[in-house]
Amino acid sequence: MATAFITGSARGIGAAIALRLAKDGFNIALNDISEAMFEDNDIMEKIKAEGVECEKFICDVSSFADSEKTVKAIKERFGSIDVLVNNAGITRDGLLARMSEEQYDMVVAVNQKSVFNMSKFVGNIMMRQRSGRIINLASVAGVYGNAGQMNYSATKAAIIGMTKTVAKELGSRGVTCNAVAPGFIKTPMTDKLTEEQKNMMLGQIAMKRFGDVDDIAGVVSFLASKDAGYVTGQVIEISGGIMM
Ligand code: NAP
């Protein structure tokens, strides 16, 4: 049975993607930065109820050394890694004039360096397998920019460049790499925004509703499926039409 590894998957979009890929028949390697993230949720039980195997691997994906160890452990446990979803991400918002060096560096480490780490280690396995799917979580903030998110939008734009580069480097080995760029999706990450910010966003969305985690999981499921075998280097916006 094929295996999917989803980073930052204890909750939010990552957990929804993990559950959807379990429904699609993948064994699931979950990940989050601490054990505590799994304590008050039932994501593992829900995945196992789909009749697939599931294990969690605690790792800070911004660490090169920990990422290497984790990928090795997943390969040993499941035998292969067929789908990698680089989902883990954080925000540390602030206007440029007030943003600290620490805020900037932390977001770059977690959102961007993690994609380098995991794509490198999992990509090596996929190249040897001569097959694999890498799916990266970008954002509309990386395409259009977003006031108060210089750090975040930089990482999400970088992920788009990384996606196209990986697609070009690994394509001849049967490995595809694509990105999804969500708009405003209801998760703990976006719960932090003020009502004013939320209303402003809503006004810009053609479909006049915020997205749901399953709106993202469905597109990731397609990109991981046989039907998407000839799709690579693409960025699919899932935003209800925020900008067109
Ligand atoms: P979320 O609810 O905050 O979930 C992200 C998960 O990643 C959390 O469980 C988080 O743990 C974990 N994580 C953070 N740092 C990590 C690290 N160093 N190593 C391993 N795991 C780590 O976020 P989300 O809204 O589901 O977002 C998922 C992805 O979609 C992110 O890449 C985000 O940028 C992208 N996205 C989201 C939206 C949106 O509207 N929600 C829009 C565009 C793009 P902690 O809670 O401990 O930090």
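What you are looking at is a predicted structure, and each value in this text was computed from that prediction instead of being measured.

What counts and how
- Residues numbered from 1 in each chain as written.
- Predicted model: local features only at pLDDT ≥ 70, side-chain atom pairs only at ≥ 80, totals over all residues.
- Heavy atoms only, no water.
- Helix = DSSP H or I, 4+ residues; strand = E, 2+ residues; numbered from the N terminus.
- Rg over C-alpha atoms; globule rule 2.2 N^0.38 Å.
- Buried < 20%, exposed > 50% of the residue type's maximum accessible area, 1.4 Å probe, protein only.
- Contact = heavy atoms within 4.5 Å.
- Areas by Shrake-Rupley, 256 points an atom, 1.4 Å probe, with all protein chains shown as cover.
- Lys, Arg positive; Asp, Glu negative; His and termini not counted.
- Charge placed at Lys NZ, Arg CZ, Asp CG, Glu CD.
- Salt bridge = Lys/Arg side-chain N within 4 Å of Asp/Glu carboxyl O.

Draft legend 1. Geometry of the overall build of the chain. When its secondary structure is counted, the chain shows nine helices and seven strands. The globule rule puts the C-alpha radius of gyration for 244 residues at 18 Å, and the 17 Å found for the chain is close to it. Principal-axis analysis of the C-alpha atoms places the extent of the chain at approximately 50 × 35 × 35 Å. Within the span of the chain, comprising 244 residues, buried residues form 50% of the whole. Counting only contacts in the chain whose residues sit at least 6 apart along the sequence, the fraction spanning at least 24 positions is 73%. Taken as a whole, the chain presents about 11600 Å² of accessible surface, with 53% of it coming from carbon and sulfur. Taken together, the 27 basic and 28 acidic charged side chains of the chain have centroids lying 6 Å from each other.

Draft legend 2. Up close: the pattern of salt bridges. Following the criterion strictly, the structure yields eight salt bridges and no others. For Glu53, the salt bridge goes to Arg77, with nearest N and O atoms at 2.8 Å. Taken together, the positions of Glu53 in the loop between α2 (43-48) and β3 (54-58) and Arg77 in helix α3 (residues 64-78) put the pair 24 residues apart, joining distant regions of the chain. By relative accessible area, which is 40% here, Glu53 ends up partly exposed. The exposure class of Arg77 is partly exposed, given its relative accessible area of 32%. As a salt-bridge pair, Glu55 and Arg77 come within 2.6 Å of each other at their nearest N and O atoms. Placement of Glu55 in strand β3 and of Arg77 in helix α3 is noted, with a sequence separation of 22 residues between them. Overall, the relative accessible area of 29% leaves Glu55 in the partly exposed class. Salt bridges sharing common partners tie together Glu53, Glu55 and Arg77.

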